[in-house]
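# Residue-level structure breakdown
Take a look at the letters that make up each chain.
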Amino acid sequence: MSESHIEYLLNECDEKSRKILHLEATTKALKDHLSALTDQAAEYERHITDEMSEARALRLELHAMRAEFLRMQKAARAEKNRLEEEIREWAARSNAAVFQDASSLPSDKQYDIVVVGGGTAGSVISSRLTEDPKINVLLIEAGPDDEGAIDLQIPGNFPDGIEPKYHWNFTTTPQSGLNDRALPYDRGHVLGGSSSINGMVYTRGAADDYDRWANVTGDDGWKWNSLLPLIKRHERWSGAVGGRNISGQYDPSVHGYDGQTKVALPWSGPNAFDNLCLEEAKAGSEFTFNLDPNSGKPLGLTWVQSTFGGGERSSASRAYLHTSVRQRSNLDILVNTRVTRVLSVGNVGSKDFRTVEIGTTVGALRNVTARVEVVLSAGSIGTPHILLLSGIGNKTELDAVGVPSTHELNDVGKNLSDHFALFAFGTSTAPDPPPVDHTAALLQWTQNRTGPLTESVTPHQLLWTRIPSNSEALQKYDDPSSGPNAPHIEIALIWGPNFGGAASLLTPHSRGSVTLASSNPFTDPLINTNYLTHPFDIEVLKEAIRTMKRFYSASGFSSFIATPIAPDPDAGEAEFEAYTRNSGVTALHAVGTASMSARGAKGGVVDPDLKVKGVKGLSIVDASVIPYAPTGHTSAPVYILAERASDLIRSRCESIA
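Residues numbered from 1 in each chain as written. Predicted model: local features only at pLDDT ≥ 70, side-chain atom pairs only at ≥ 80, totals over all residues. Heavy atoms only, no water.

The condition that has to hold: UniProt positions are given in the numbering used here, feature names are shortened, and annotations may be inferred rather than shown by experiment.
In the nomenclature of an unreviewed UniProt entry, the protein chain corresponds to pyranose dehydrogenase (acceptor) from the organism Ephemerocybe angulata. In the Subcellular location (unreviewed entry) part of its UniProt record, the protein chain is described as follows: "Secreted". According to its UniProt record, the protein chain has this under Subunit (unreviewed entry): "Monomer."

### Things to note about the pairing of strand β11 (residues 331-334)
Spelled out, the test is: The rule is simple: take the accessible area with a 1.4 Å probe, protein chains only, and divide by the maximum for that residue type; under 20% is buried, over 50% is exposed, in between is partly exposed. A run of H or I in DSSP becomes a helix once it reaches four residues, and a run of E becomes a strand once it reaches two; helices and strands are each numbered from the N terminus. When DSSP finds at least two bridges between two strands, those strands are taken to pair.
The two faces of β11 match: L331 and I333 on one face and D332 and L334 on the other face are all buried. In terms of strand pairing, strand β1 (residues 98-99) meets β11 through two bridges, oriented parallel. Note on β11: the bridge partner recorded for V98 is I333.

### Comments concerning the pattern of salt bridges
Put simply, the rule is: Criterion for a salt bridge: a side-chain nitrogen of Lys or Arg within 4 Å of a carboxyl oxygen of Asp or Glu.
Here the structure, examined in full by the defined rule, presents 36 salt bridges. A salt bridge links R449 to E312; the nearest nitrogen and oxygen atoms lie 2.8 Å apart. Residue R449 is located in the loop between α12 (438-448) and β18 (461-465), and its partner E312 is located in strand β10 (residues 312-313); the two are separated by 137 residues in the primary sequence. Since its relative accessible area comes to 17%, E312 is described here as buried. The partner of R650 in a salt bridge is D647, with the nearest N and O atoms 2.9 Å apart. Here R650 pairs with D647, and both are found in helix α16 (residues 635-656), just three residues apart, close to one helical turn. According to the relative accessible area criterion, R650 is buried, its value standing at 17%. Under the relative-accessibility criterion, D647 is labelled partly exposed at 26%.

### Quick look at the packing of helix α3 (residues 120-129) against α16
Convention followed: In this description, a line fitted to the C-alpha atoms serves as the axis of each element, helices being fitted only across the stretch in contact, and the angle between N-to-C directions of two axes falls anywhere from 0 to 180 degrees. Each crossing gets its handedness from the near helix: less than a right angle anticlockwise from the far helix is left-handed, clockwise is right-handed. We call two residues in contact when some of their heavy atoms are within 4.5 Å. Three categories are distinguished: nonpolar for Ala, Val, Leu, Ile, Met, Phe, Trp, Tyr, Cys and Pro, charged for Asp, Glu, Lys and Arg, and polar for the others, with Gly belonging to the last.
It is at 9 Å that the axes of α3 and α16 come closest, and there the two elements cross at 35°. The interaxial crossing formed by α3 with α16 has right-handed handedness. Between α3 and α16, the contacting residues are T120, A121, V124, I125, R128 and L129 on the first element and S635, V638, Y639, A642, E643, A645, S646, I649 and R650 on the second. The residue makeup of the contact of α3 with α16, split by class, is nine nonpolar, three polar and three charged.

### A closer look at the UniProt feature "active site" (unreviewed entry) in the protein chain
Condition: In the analysis that follows, any N or O atom pair within 3.5 Å is treated as a polar contact, provided that within protein one partner can donate a hydrogen and the other can accept it, and provided that, for residues neighboring in sequence, both atoms belong to side chains.
UniProt tags H589 and H633 as "active site" (unreviewed entry). Over a stretch of 45 residues, the named residues converge on one spot in the fold, their C-alpha atoms separated by at most 6.8 Å. By the element assignment, H589 lies in the loop between β23 (585-586) and β24 (618-620). Setting aside chain neighbours within four positions, we find H589 in contact with Y185, S417, D418, H419, H633 and T634. For H589, the side chain forms a polar contact with the side chain of H419, separated by 2.9 Å. By the element assignment, H633 lies in the loop between β24 and α16. Residue H633 is classed as buried on the basis of its relative accessible area of 16%. If sequence neighbours within four positions are ignored, H633 has contacts with V201, T203, W464, E490 and H589.

### What about the packing of aromatic side chains?
The cut-off we apply is this: Any two rings among Phe, Tyr and Trp, with Trp reduced to its six-membered ring, count as a pair given centres within 6.5 Å; such a pair is stacked if its planes are under 30 degrees apart, edge-to-face if over 60, and tilted if neither.
This structure, assessed with the given rule, holds 21 aromatic pairs. Between F287 and F551, the aromatic rings sit 5.2 Å apart at their centres with planes inclined by 75°, giving edge-to-face as the arrangement. Pair noted here: F287 is in the loop between α7 (272-282) and β8 (300-303) and F551 is in helix α14 (residues 535-552), with a separation of 264 residues, a long-range link. For the pair F287 and F551, one class covers both residues: buried.

### Focus on the nonpolar core
Filter applied, for reference: We define a nonpolar core as any set of buried Ala, Val, Leu, Ile, Met, Phe, Trp, Tyr and Cys residues linked to one another through side-chain atoms lying within 4.5 Å.
Of all hydrophobic cores here, the largest spans 82 residues; its most connected members are I113, V114, L618 and V621. For this core, the element with the highest residue contribution is α16, accounting for nine residues. Contacts of L618, omitting those with residues within four sequence positions, involve V342, F353, E373, V374, L376, L387, I392, K611 and V612. In terms of nonpolar packing, the next biggest core, distinct from the first, is built from 56 residues, L278, L463, L505 and M548 among them.

Take a look at the structure:
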């Protein structure tokens, strides 16, 4: 059933409804006239009866039309699902480079590079390397292909409108710092990885973050200024969805315009609350307005930029593995396939880990060996899991679960660092925002890629701040931030029937781990994020709520505030701490479980060139190598990391050729 036919039927329903209302009004008028014109009662009674009969008939017809509309709507959804399946089947048939399972992968084909994990980094690496037709790449993704998955393309489907099959559905261990709560820990189980299911916020973090990468690795190539050309290389600035005027809402000089990943401002423009926040920041007391959070100096109130463009999510797979890339003869993509281990070529003592083992729940299926190297890009959870299953890690811990040690590297799975968030709200006098008509919004998105479904639930503005230098946290503990331009706190400013926001700790002292639960590769690893186990972290969250209170204390907000923000650390620190431990949430920004460090350093997992320490033929490119939580959402730093990594790996391919 076509959309135009459905629209025609809806118009018919409206017309019949108007006719019914008119007829009922006529009936009432006739009844009033009866009392004064009794001599004509019989005639008018017949007239009324006729009109009521017609009205009943029209009502029955309207009910039938509504039932038909619902039937057609259901049929349209079924047809949409059928067409999506046809698209996926067509893609699988027409594009021989995408294999749906390991049994269909050619057994005689040789690959220079095998990339494990088709998420953010894996998509970038595979795309960039195969720009050189002499480099053959196999990309292996555990989840399904995203081709034809329209639900993943709609930004407004985050977070609840994405099917469970696109999620890993991990859960953390019970957290001692959260009164033994275990938290859902979501990762993307689909081509594009978490970039296909995340909230799409695009923040590079502070330049100080990248300069610290350079300091801890001894490699100036990781400095912000060194990376800036690669930062712009990956980005395709797309303005605002729908083309609204965005002058004064971003800095054109800090963006790239010819890259792959679309970055944009939202479809809906500034609202009354946004303007109040802007006035407060531009007043220039404690808080300032920052034209662009991605300049390397994010402190201040900023407009939110996101990885979407043209009304659609710009995931890593859609940006870097689009149709023309998939058609390259030197790139094969294998989906729905788990890599269970990396294996040494030849004897174990060679420590040349260029072979990947593809496994199923009943055992190993086959091996694939790379000519140059294997690149692990399975993310901060998946990468250490594969390394540990391969015997690369702490020998004592491996022995405890029955995994033979192949290479002792104690920091594998350690040093997990993540952001942690706390929601705090008061009530406002503002009316509830009108609900979104999802059916109408979906129709608008389908017709022209505009409307409320082109953006996620993320607010329009973020406030990036540092805690006061005289705060108890900085008086008692070392400052874990990367430098003076790096924020300790991100506050997502939210207004409606409630006002306040989500305060995120960006610079935690607490560190967690990823370890093996068993030697079975299909048993989820133990994810211990270890939130709030260092006292600095809870102190920073107290300062975050105090910052939020000061921001909303401006006179412009006074007429809109009904009750103050809670929880409030100044109303009782013990109560605040209990609430935080019972109600705080993860930001899902884990890094550090395979950290990079200087050559020859005792700690760390990879050298500055991202090659695993002490072995050959194995490198890691994903968030796990980032040694400290960045002061921004992690997707942008991973894109930047992967862009440089692709150049490093390409040079290694050229040196072996």
